[in-house]
Every structure is written in C-alpha cells, then in structure tokens.
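Descriptive analysis of the structure
Residues per chain, in single letters:
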Amino acid sequence: MTAELGGLHHVTAVTARAPENLAFYTDVLGLRLVKKTVNQDDVSAYHLFYGDKVGNAGTEVTFFDWSQAAPNQPGHGETAAVALRVPSRAALEWWRRRFDERGVPHGDIEERGGRALLSFTDPEGQRLELIEDSGAAVPGGTPWSGSDVPAEYAIRGLAAATLTVARLEPTARILTELLGFRQTGEYSSPANPDERTVVFEMGPGGPGATLLVQVRPNLPRARQGAGGVHHIAFRTPTDEEHEGWQQRLAAAGVGVTPVIDRYYFRSIYFREPGGVLFEIATDGPGFATDEDEAHLGERLALPPFLEPYRAQIEAGLQPLDTATAGAARRSRQGSD
C-alpha cells in the first residue's frame, strides 16, 4: 500500500498582471518570493513561487504569468478558493484591519468547522481565506523576516482548498479509494440547503491537509483564467513514494503523467473526475538547490536544462522587480 499523502504541497494559479501580483503577495500578504523562474512548459511566462522563509512544501502559492489570459469564470470543475493559515483569531483581527488600510476586499470573520476564518480577494479576484490553525497537526512554515507583518500574525502556509464539482460521488471515490482521503464532515449552505460542502482530510488532517468539496450542480462549467487556480498539489516525502503513487494511479486506469523532474521537486499530474487538475509533488530537493537562502527569488532562476537558453528566455520576459511591482500597486490604489 502506498504511504499516505502528507498534506497540501502548493497551489498554482494564474495572473495576467505579474507586477501587481508580486506587490500584493509580498508587500500586502508578507510572503517571500522564493523563486522567480519560468513555466517549464511555456518559457515565455514567469512562474512565481511565494512561500515562507525558504518556500517549504506546504507553504507555497505560485502563479503562471499569462498576460493575455481572460478573467476566470467561476463554476463547477475548479478550485474555487484557497485557504491560508494564521496562528490565531487575534491574527485574523489584525489582518482585517490591514485589509481595511490597504483597500483589500474582504468579508467578516466567520466560523467554519470550529475554526475562525476571514475571506478576501486579491487584485484579480482570486478567492482566498485566512484560517486560524491553533492545534494543527501539520507544522506551519517559518515566516519571512523581510516582511513588515509581525511574526505572531504572519501567514504560515496553506490550510485548505475548496473544489466546486457538479457531482460528489466520482470525486469522492478517487479521493477516498485511490488517494487515501477520509471524509470527516459535511455541511449545507444556510442560504441554499441543497448546496453541500463535504470535508475530506489526508494524512494528519486539519489545517494543511484538508480539501472541501462543494457540490454545485446548477453552476455552469468553470472557465479558467486570471484570478483562478490552475492546479493543486499534494505532498509526498520521497522519490520512492512518489513513484509508488504514479504506479498506483496508472494501474487504476487514471490518466496520470510520467514522473516529471521540475528540478525543485518531482511531479505527476492527473485530472480528477470533476475536472480539477491534481498534482502530487515531492517535498524536495527545494528552492535553495540553485540559490543561496539569503538571496532566494532575486534573479531569474532556470533549471539546468533551460540554462543554455537564458539569453533568449530573458529577452522574452517583461522586467519584474519590486520597483515595478510597487508602482503597479500604487497605481491600482490610486484608481480605487
């Protein structure tokens, strides 16, 4: 039997405004840009990785920079929301004040599954949540000291992701029978009792290891775009266990890719029956493989197989630095 998945590894979304995206996730949310690289399947686009001090697995929110992408159209067959973890309810209160000061759209602090949460959106409408993670079994990340966010309030990584599907059963089957998730809860929408959300957990469970599956049969099919999630990834610690997952999925008839070496981790990809793209990724070797920890994200990093093409790759990319990002953010705030 293949070992359990250890939790969420990363979530990859789409931005059409990379400088503004950089400003929001570093300046506003206080995450560190731990790797500035390119989409290995489309080297004309940046792939930006934001995370904790070193980008530990389980802390990463990443973005493909597709400047021509149309806005995301919500519906079924997508990852509808990404939840990030913070240490306490007091942290949520701090973030609510910060969002008010920075003009970030947000909701009220609510309760879900016994934990307080605060919903908000990024400048492109990406749906996000902050959840207090007290007592979590999955360790949180180490906040980046280069941010102005106090460590006691800082984002510590991924807490959960919410999928929206038209039918529960096919998705639930692959989660429980193939991926080893456990169904641990269910609740209905107060506004519409026919809309169900089912809670699944993997590995240790709780913040860092939770998927919420929202059943919305009356929605249209989602159309992926800027402000939407491209895929979600789950953790496995070793190459051997990773290979075991690939073999298990292939033997079950799932259309899974071969193992792909992404240099910073190894990946396999497959689409679950509801339409959401899943990835299983190894915890390492990590982002300090080709850069000193003190200087992560400061220059364009390329895996060895792309390094010979650095000059032409750089020529095809728009300059992206903190000055550009700050100017984009100030421009947005001035137009609000």
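Preceding this section is the structure that the text describes.
Definitions and cut-offs
- Residues numbered from 1 in each chain as written.
- Predicted model: local features only at pLDDT ≥ 70, side-chain atom pairs only at ≥ 80, totals over all residues.
- Heavy atoms only, no water.
- Buried < 20%, exposed > 50% of the residue type's maximum accessible area, 1.4 Å probe, protein only.
- Pairing = 2+ DSSP bridges.
- Helix = DSSP H or I, 4+ residues; strand = E, 2+ residues; numbered from the N terminus.
- Axes fitted to C-alpha atoms, helices over the stretch in contact; angles between N-to-C directions.
- Core = buried A, V, L, I, M, F, W, Y, C linked by side-chain atoms within 4.5 Å.

Attention shifts here to unusual backbone geometry. A cis amide bond, omega 10°, links Gly-284 with the succeeding residue Pro-285. Phi at Tyr-263 takes a positive value of approximately 75°, unusual for a residue other than glycine. Overall, Tyr-263 belongs to the partly exposed group, its relative accessible area being 23%.

On to the sheet that holds strand E5 (residues 78-86). If you walk across this open sheet you meet the eight strands as E6-E7-E8-E5-E9-E12-E11-E10, and the pairing is mixed. The open sheet has two edge strands with one neighbour each: strand E6 (106-112) and strand E10 (182-188). Taking the axes of each pair of neighbouring strands and ignoring which way they run, one obtains an average angle of 25° across the sheet. Bridging between strand E7 (residues 115-121) and strand E8 (residues 127-132) involves five bridges; their strand directions are antiparallel. Its bridge partner lying in E8, Thr-121 is registered against Arg-127.

This part takes up the nonpolar core. Ranked by internal contacts, the top residues of the largest apolar core, which has 73 residues, are Leu-29, Trp-95, Leu-179, Phe-234 and Phe-278. By size, the runner-up hydrophobic cluster in this structure holds eight residues, among which are Val-34, Phe-49, Tyr-264 and Phe-265.

Structural measurements only, silent on function.
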